[in-house]
Amino acid sequence: MSRSLQRRPLIARAFAVAARLADRMAQWPNRMTPPAFRLLQIGSAFWQSRALYVAARLDVASVMADAPCTVETLATRVGADAAALARLLRMLAAMGVFEEVSPGVYRNNKLSNGLRTDQQPNVRAMVLMHNSPEMSAPWFNTLEASIRTGSVPFQSQHGQELFDYMDSHPAFDALFAEAMDSVEALTGDSFATEFDWSAFDRLIDVGGSKGTKAMAILKRHPHLHAVVVDRAPTIEAAQRDWAAQQTKAKTADLDACLARMRFEVGDARHSLPIARNDRDAYLLSAVLHGFDDPTALTILRQVATAAKPAQARIILLEMVMPAQQADFTLASFDMQMFMGTRGRERTHAEWQALFTQANLTLTEVVQLASFGKMMVLKG
C-alpha cells in the first residue's frame with residue numbers, strides 16, 4: 001500500500017472547523033434582521049459589488065498606498081470628481097473597505113490592501129473580472145431565461161462559449177488569466193505545503209494558465225521540475241510575463257525555478273505530454289469544474305491515456321460539494337460555473353461516477369486548509 005500524500009493534517013482540520021464556524025456566523029443576519037429588511041439587503045447587494053468594482057477600476061487602494069489621503073488629493077490622482085469619490089469611499093468604508101480616519105480623509109485597511117497592485121497577493125483582477133461587462137451582463141440579462149431552459153447564460157448573452165469568446169477577445173482573455181492567477185490569494189498555498197510533493201520528480205500542470213501554482217510548488221520543492229500545459233495565447237502571455245519578471249527581479253531563486261519550468265501548448269481534450277515514469281504527476285487545478293460530464297470524462301480519459309503506461313498519478317484540485325446543505329461559498333461558486341460554463345461543482349458521488357467511467361481509481365483525498373481538496377487518481 002502506497003504512503004499517504006497528506007501533510008500537516010491538523011492544519012487542514014482546523015481550517016475546516018473555522019470554515020464551518022464562519023458559515024454559521026454568516027447566517028446571523030438572517031436570524032437577527034427582520035425578514036423583509038433582510039431580503040431588501042440581499043436584493044440590493046449588487047450596489048456593494050459595483051461600488052467595489054469602480055474603486056478597483058480607479059485603483060484607489062494602490063494610489064492611496066500606505067499613508068492617509070484626502071478625498072481631494074485622491075480625486076486628482078485617479079481622475080475623479082472629489083464630491084462623487086467622497087460618497088463612494090464613504091459607502092465602502094461603511095462596508096469595512098477603507099477606513100475614514102477624519103472627515104474626508106481615508107486610509108487603507110486590511111480589506112482594501114487586498115486591492116493594491118503593489119502588494120501580493122491581491123484580488124483586484126478577480127474583482128475586475130467578475131464585475132466586467134462580459135461576466136456581469138449574463139447575471140442581469142440572461143440568468144432567468146437560462147434557469148428556465150438550462151442554457152448557459154454567458155453563451156446566451158455573448159453568442160459564444162466562454163473559452164471561444166476569450167480566444168477572440170484578447171483583453172478579456174488577459175484579464176481572466178490574471179484573475180485566475182490571483183486565486184492563490186483566496187486559497188493560499190496549501191496545495192504546495194499540505195501535499196507531499198516529495199513523492200514526485202515532475203509535475204505536469206494541465207490547464208496551468210501562467211504557471212503560478214506550479215511556481216509556488218517549485219519554490220518549496222527544489223527537486224521538482226514542471227511542465228505547464230495550456231492554450232497557445234495563454235502560454236505565449238505566460239512566457240512574456242515570466243521573462244519580464246525575470247528581467248525586473250533579477251533574483252537567483254526565480255531564475256532557478258524558471259530553469260525547472262517549461263511551457264507547452266496543448267489541449268487536455270486531445271493530447272498531453274506522456275508520463276515518463278511513476279514519479280510523474282498530472283495536476284488539474286480547477287479545470288474539470290468548467291466542463292459538463294461528457295467533456296470532463298473526455299479529459300480524464302485523455303490524461304489517463306498519457307499517465308497509465310508509466311503508472312503516473314493524476315491529482316485533481318477541486319471543490320467537493322456536500323450532498324446537501326452546502327455552505328454559501330460552495331453554492332456561490334457553483335452558480336458562477338452555471339453562469340459561465342456547462343460545468344458545475346460536483347459532489348463526491350458525482351466525482352466518483354466520472355472516475356469509474358474513466359477507469360480511474362480514487363486512492364486518496366488530501367485535505368487542505370482551503371475550500372478545495374486534492375483527489376489522487378490512478379489508472
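The shown structure was predicted, so the numbers you read here are calculated from the model rather than taken from an experiment.

Definitions and cut-offs
- All residue numbers refer to positions counted from 1 along the written sequence of the respective chain.
- Local features in this predicted model are restricted to residues whose pLDDT is 70 or higher, and side-chain atom pairs enter the listing and the counts only when it is 80 or higher, whereas totals over whole chains, interfaces and linings include all residues.
- Working from all heavy atoms in the structure, the side-chain values ignore hydrogens and water.
- Only strands joined by at least two bridges in the DSSP assignment are considered to pair.
- Comment: elements are numbered from the N terminus, with helices defined as DSSP H or I runs of at least four residues and strands as E runs of at least two.
- Multiplying 1.5 Å by the helix residue count minus one yields the expected span of that helix.
- Every residue pair with non-hydrogen atoms within 4.5 Å of one another is taken to be in contact.
- Angles run from 0 to 180 degrees between N-to-C directions of axes, and those axes are lines fitted to C-alpha atoms, restricted for helices to the stretch in contact.
- To count toward a patch, a residue needs a relative accessible area above 30% and no salt bridge. Like charges then connect within 9 Å, nonpolar side chains (Val, Leu, Ile, Met, Phe, Trp, Tyr) within 5 Å.
- For the area figures, the Shrake-Rupley method with a 1.4 Å probe applies, and any residue is considered shielded solely by the protein chains shown.
- For salt bridges, the criterion is a side-chain nitrogen of Lys or Arg within 4 Å of an Asp or Glu carboxyl oxygen.
- A simple rule labels every residue: compare its accessible area, found with a 1.4 Å probe on the protein chains alone, to the largest value its type can have, and call it buried under 20%, exposed over 50%, or partly exposed in between.
- Working definition: roughly parallel below 35 degrees, roughly antiparallel above 145 degrees, roughly perpendicular at 65 to 115 degrees, and oblique for all remaining angles.
- The residue classification treats Ala, Val, Leu, Ile, Met, Phe, Trp, Tyr, Cys and Pro as nonpolar and Asp, Glu, Lys and Arg as charged. All others, Gly included, are polar.
- Here, the term right-handed applies to a crossover whose path from the first strand over the helix to the second runs clockwise when the strands point away from the viewer.
- Each residue carries a pLDDT value, the predictor's own confidence for that position, ranging from 0 to 100.
- The sign given to each residue is positive for Lys and Arg and negative for Asp and Glu; His and the chain ends receive no count.
- By arc we mean the arc of the directions from the helix axis to the C-beta atoms, nothing more.

Participant: So what's going on with the sheet that holds strand β2 (residues 99-102)? Which residues, and what values?
Facilitator: Taken in spatial order, the three strands line up as β1-β3-β2 in an open sheet, and their pairing is antiparallel. The open sheet has two edge strands, β1 (69-70) and β2, and neither has a second partner.

Participant: Describe in detail helix α4 (residues 46-58), supporting the description with residues and values.
Facilitator: For α4, built from 13 residues, the straight-helix expectation of 18 Å at 1.5 Å per residue is met to within 8% by its first-to-last C-alpha distance of 18 Å. Here the buried face of α4 lies against α5 (60-64), α7 (82-95), α8 (124-130) and α9 (133-141). Once α4 finishes, Asp59 follows within two positions and takes phi at roughly 60°, a positive value.

Participant: Describe the sheet that holds strand β5 (residues 225-230), naming the residues involved and giving the relevant values.
Facilitator: In space, the seven strands of this open sheet follow the order β6-β5-β4-β7-β8-β12-β11, with mixed pairing throughout. Among the strands making up the open sheet, the edge pair consists of β6 (261-265) and β11 (361-367). Sheet twist, expressed as the average angle between the axes of neighbouring strands with direction ignored, equals 20°. With five bridges joining them, strand β4 (residues 202-206) and strand β7 (residues 280-285) adopt parallel strand pairing. The partner of Arg202 across the bridge, within β7, is Asp280. Sheet strands in contact with helix α17 (residues 232-249) are β5 and β6, and its direction is about 155° off that of β6.

Participant: Describe a nonpolar patch on the surface, listing the residues and the values that go with them.
Facilitator: Taken together, the side chains of Phe46, Trp47, Met91, Trp139 and Phe140 present a nonpolar region at the surface, about 530 Å² in accessible area. Within the element layout of this structure, Phe46 appears in helix α4. For Phe46, a relative accessible area of 39% gives the class partly exposed.

Participant: I'd like a description of the pattern of salt bridges, backed by residues and values.
Facilitator: Going through the model one piece at a time under the given rule, you end up with 19 salt bridges. Among the ionic pairs, Asp241 bridges to Lys210, the shortest N-O distance being 2.9 Å. Here Lys210 lies in the loop between β4 and α16 (212-220) and Asp241 lies in helix α17, a separation of 31 residues in the sequence. The partly exposed category is assigned to Asp241, whose relative accessible area is 28%. Among the ionic pairs, Arg346 bridges to Asp293, the shortest N-O distance being 2.9 Å. Highlighted residues: Arg346 in strand β10 (residues 346-347) and Asp293 in helix α19 (residues 293-307), separated in sequence by 53 residues. Residue Arg346 is classed as buried on the basis of its relative accessible area, which comes to 0%. Assessed through its relative accessible area of 29%, Asp293 is described here as partly exposed. Three or more residues joined by partner-sharing salt bridges are found here, namely Asp293, Arg344, Arg346 and Glu350.

Participant: Explain the packing of helix α6 (residues 71-78) against α7 residue by residue, including any values.
Facilitator: At their nearest, the axes of α6 and α7 sit 9 Å apart, and the two run at 110° to each other. The angle between the axes of α6 and α7 places the two elements in the roughly perpendicular class. On α7, the residues that touch Val71, Glu72, Leu74, Ala75 and Val78 of α6 are Ala82, Leu85, Ala86 and Leu89. When grouped by side-chain class, the residues that make up the contact of α6 with α7 number eight nonpolar, no polar and one charged.

Participant: Hey, could you go over the pairing of β7 for me, with residue numbers and the actual values?
Facilitator: Within β7, six of the six residues are buried, which leaves it mostly tucked inside the rest of the structure. Across the two faces of β7 the burial is the same, with Asp280, Tyr282 and Leu284 and Ala281, Leu283 and Ser285 all buried. Sheet topology note: the β7/strand β8 (residues 313-318) ladder contains five bridges and is parallel. Paired with Leu284 across the two strands is Leu316, which belongs to β8. In this view, the connection linking β7 to its parallel neighbour β8 by way of α19 has right-handed handedness.

Participant: How would you summarise the confidence of the model for the chain if you had to cite specific residues and measurements?
Facilitator: When pLDDT drops low, the exact placement of atoms in the prediction is not to be read closely. Looking at the chain as a whole, its pLDDT mean stands at 93, while 99% of the residues score no less than 70. The least confident element of the chain is helix α14 (residues 183-187), whose mean pLDDT is 65; the most confident is strand β3 (residues 105-107), at 98.

Participant: Got a sec to walk through the side chain of Asp205? Specific residues and values, please.
Facilitator: By the element assignment, Asp205 lies in strand β4. Although Asp205 lies buried, it forms no salt bridge, and the closest oppositely charged side chain, Lys213, sits 8.0 Å away as judged by the N-O distance. Contacts of Asp205, omitting those with residues within four sequence positions, involve Lys213, Ala214, Val227, Val228, Val229 and Leu283.

Participant: Give a description of the environment of Ala82 that names residues and reports values.
Facilitator: You can see Ala82 is positioned in helix α7. Since its relative accessible area comes to 26%, Ala82 is described here as partly exposed. With ten residues separating them in the primary sequence, Ala82 and Glu72 have C-alpha atoms 5.3 Å apart. For Ala82, the contacting residues outside a window of four places in its chain are Val71, Glu72 and Ala75.

Participant: Explain the pairing of β11 to me, using residue names and the numbers behind them.
Facilitator: By the bridge criterion, six bridges tie β11 to strand β12 (residues 373-378) in an arrangement that is antiparallel. Residue Glu364 lies in a different strand from β12, and its bridge partner there is Val376. Between β11 and β12, which pair antiparallel one after the other, the connecting turn spans five residues.

Participant: Describe helix α18 (residues 252-259), and please don't skip the residues or the numbers.
Facilitator: Among the residues making up α18, those that are buried are Leu254, Cys257 and Leu258. Projected down its long axis, α18 shows its buried positions confined to an angular sector of 95°, all on one face. More than 90 degrees from the buried face of α18, the exposed residues found are Ala252 and Ala259.

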